[in-house]
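# Structural overview
Residue-level listing of the chains:
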Amino acid sequence: MVQAVQGAKVVVTGAGGGIGAALARRFAAQGAQVVVNDLDADRAKAVAEEIGGLPVPGDAASTVTEARDALGGTVDVYCANAGVGRDGGEPGQPLDEQGWALSWDVNVMAHVRAAHTLLPDWLERGSGRFVSTVSAAGLLTMIGTAPYSVTKHGAYAFAEWLSLTYRHRGVKVHAICPQGVRTDMLDATGSAGDLVLKPTAIEPDDVADALFRGIDEDRFLILPHPEVAEYYQARATDPDRWLTGMNRIQQHWETTR
Ligand SMILES: NC(=O)c1ccc[n+]([C@@H]2O[C@H](COP(=O)([O-])OP(=O)(O)OC[C@H]3O[C@@H](n4cnc5c(N)ncnc54)[C@H](O)[C@@H]3O)[C@@H](O)[C@H]2O)c1
């Protein structure tokens with residue numbers, strides 16, 4: 001049992017499947033009271049029923065108040081997990097303005113709105129935990145999808161900003177940055193995902209394991225694929241070398257997709 005989450009009031013967005021469902025199950029197994037949010041009402045209800053949680057269907061970008069009300073007005077842990085993977089249209093194709101807007105709304109602004117709503121109470125109480133399901137794409141980049149790469153960098157930057165701004169006031173922040181995880185989203189990434197994510201993909205439960213180790217060890221950065229630390233270091237140390245390597249993958253993808 002992880003002491004920090006026993007009896008905690010937890011919200012997990014996008015918890016009707018994939019990583020969110022694994023997180024919701026793990027929090028419930030640790031004795032937490034869990035709000036299961038998902039855009040898909042049936043999936044939210046099914047997971048909530050399974051774990052004895054509370055379903056709050058709806059868009060994660062606008063349901064934080066409803067989720068807090070379902071827990072009686074207090075949230076101890078907020079998992080900003082729902083995310084969308086869209087491509088933005090390559091040059092020569094129409095710019096997908098809607099795809100970009102949706103990516104900003106769900107991958108970044110949903111986190112900003114949730115934090116804005118929850119922080120006054122957390123700062124008053126001197127405790128609160130914000131878990132952001134980012135992606136390794138937020139530290140590195142994902143070939144084939146500019147909106148995903150850019151907005152996941154935004155999600156990581158926001159989590160980092162929250163952590164450095166409020167860590168002395170009792171607010172804990174964790175940024176989960178996995179590469180491929182076997183979920184519907186991975187299946188939807190097509191040939192780019194097949195090339196760079198599927199070969200090392202892990203299970204949603206592995207992500208939950210990594211988060212709970214990170215909570216136990218009080219760590220901000222959660223890397224379910226530990227090799228991502230080396231890639232992140234390589235990117236920071238020699239950006240041109242790293243970009244050349246990534247471009248080689250891009251070129252390989254162009255010949256195989
Ligand atoms: N699967 C991967 O390889 C991978 C890798 C790194 C990061 N991630 C991130 O993990 C998070 C979860 O992804 P997943 O792979 O479990 O996806 P998934 O598609 O398996 O599940 C996502 C769930 O979120 C719900 N959802 C989508 N938009 C929503 C919204 N606006 N509000 C509420 N619910 C919404 C969907 O209905 C679905 O049930 C995302 O933020 C994703 O970017 C996934």
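Before any of the text, the structure's been laid out above.
The structure contained in this document is the topic of the report that follows.

What counts, and at which threshold
- Residues numbered from 1 in each chain as written.
- Predicted model: local features only at pLDDT ≥ 70, side-chain atom pairs only at ≥ 80, totals over all residues.
- Heavy atoms only, no water.
- Helix = DSSP H or I, 4+ residues; strand = E, 2+ residues; numbered from the N terminus.
- Contact = heavy atoms within 4.5 Å.
- Phe/Tyr/Trp six-rings, centres within 6.5 Å; stacked < 30°, edge-to-face > 60°.
- Lys NZ or Arg CZ within 6 Å of the ring centre and 35° of its normal.
- Buried < 20%, exposed > 50% of the residue type's maximum accessible area, 1.4 Å probe, protein only.
- Pairing = 2+ DSSP bridges.
- Right-handed = clockwise from strand over helix to strand, strands pointing away.
- Near = heavy atom within 4 Å.
- Polar contact = N/O pair within 3.5 Å; in protein donor to acceptor, adjacent residues only side chain to side chain.
- Areas by Shrake-Rupley, 256 points an atom, 1.4 Å probe, with all protein chains shown as cover.
- Nonpolar A, V, L, I, M, F, W, Y, C, P; charged D, E, K, R; others polar.
- 1 Å grid on protein atoms, 1.4 Å probe; cavity = no way out; pocket = protein on both sides within 12 Å on 5 of 7 lines; lining within 4 Å.
- Points joined across faces, edges and corners; volume = space filled by probe spheres on them.
- Axes fitted to C-alpha atoms, helices over the stretch in contact; angles between N-to-C directions.
- Salt bridge = Lys/Arg side-chain N within 4 Å of Asp/Glu carboxyl O.

### What about the environment of V12?
Following the sequence through the fold, V12 ends up in strand β1 (residues 9-12). Distance from V12 to D87, taken between C-alpha atoms, is 25 Å for residues 75 residues apart in sequence. For V12, the residues in contact, after removing those within four places along its chain, are G20, L23, A24, F27, V34, V35, V36, N37, C79 and N81.

### Focus on the packing of aromatic side chains
Applying the stated rule across the entire model yields 6 aromatic pairs. Ring-pair connections join several aromatic residues into one group, and the members of that group are Y78, F130, F158, W161 and Y166. For the cation-ring pair, R235 lies above W242, with the distance from its terminal atom to the ring centre recorded as 5.8 Å. The positively charged end of R257 is found above the aromatic ring belonging to W253, 4.0 Å away from the centroid.

### Notes on the pairing of strand β6 (residues 171-176)
Across the 6 residues of β6, 5 count as buried, placing the element largely inside the fold. As judged from the 6 bridges shared by strand β5 (residues 128-133) and β6, these two strands associate in the parallel manner. When the sheet's bridge partners are listed, F130 is paired in β6 with V173. Handedness of the crossover joining β5 and β6 through helix α5 (residues 146-166) is recorded here as right-handed. Relative to strand β7 (residues 221-222), β6 runs parallel, the two being bridged by 2 bridges. Bridge pairing links I176 to I222 in β7.

### Thoughts on the site of the ligand
With respect to spatial proximity, 28 residues lie near the ligand, and among them I19, D38, N81, Y148 and T183 are the closest. A distance of 3.4 Å separates an oxygen atom of the ligand from a polar backbone atom of G83. Backbone polar atom of M185 to an oxygen atom of the ligand: 3.5 Å apart, as the coordinates give it. With the chains in place, 92% of the 820 Å² that the ligand exposes on its own is no longer accessible. Here the shell around the ligand is composed, by residue class, of 10 nonpolar, 13 polar and 5 charged.

### Focus: empty space enclosed by the protein
It is a probe the size of a water molecule, rolled over the atoms, that shows where empty space is left. Tallied over the full model, the rule gives 1 cavity of 30 Å³ or more. Taken as a whole, the largest cavity encloses approximately 30 Å³ of empty space. Taken together, T13, A60, Y78, A80, N81, A82, V106, A110 and H111 make up the full set of residues lining the largest cavity. Elements supplying a minimum of two residues to the lining of the largest cavity: β4 (77-80) and α4 (97-125). Examining the composition of the lining of the largest cavity, we find that 3 residues originate from one element, α4, more than from any other. When its residues are assigned to classes, the lining of the largest cavity shows 6 nonpolar, 3 polar and no charged.

### Some remarks on the sheet that holds β1
Pairing in this open sheet of 7 strands is parallel, and the strands run β3-β2-β1-β4-β5-β6-β7 from one edge to the other. Either end of the sheet is taken by a strand with one partner, and the two such strands are β3 (54-57) and β7. Against the sheet, α4 makes contact with β4, β5 and β6, and its axis sits at roughly 165° relative to β5, the strand it touches most. On the sheet, α5 packs against β5, β6 and β7 and is oriented at approximately 155° with respect to β6.

### Here we look at the pattern of salt bridges
Evaluation of the coordinates by the stated rule reveals 12 salt bridges. For D105, the salt bridge is made with R113, and the minimal N-O distance between the two is 2.8 Å. Salt bridges linked by common partners bring R26, D205 and D209 together as one network.

### A short note on the layout of surface pockets
One number sums up the size of the second largest pocket: a volume of about 160 Å³. Together, A234, D238, R241, W242, T244, G245 and R248 line the second largest pocket. Counting residues per element, the lining of the second largest pocket draws most heavily on helix α10 (residues 239-256), at 5 residues. Looking at the lining of the second largest pocket residue by residue, the class counts come to 2 nonpolar, 2 polar and 3 charged.

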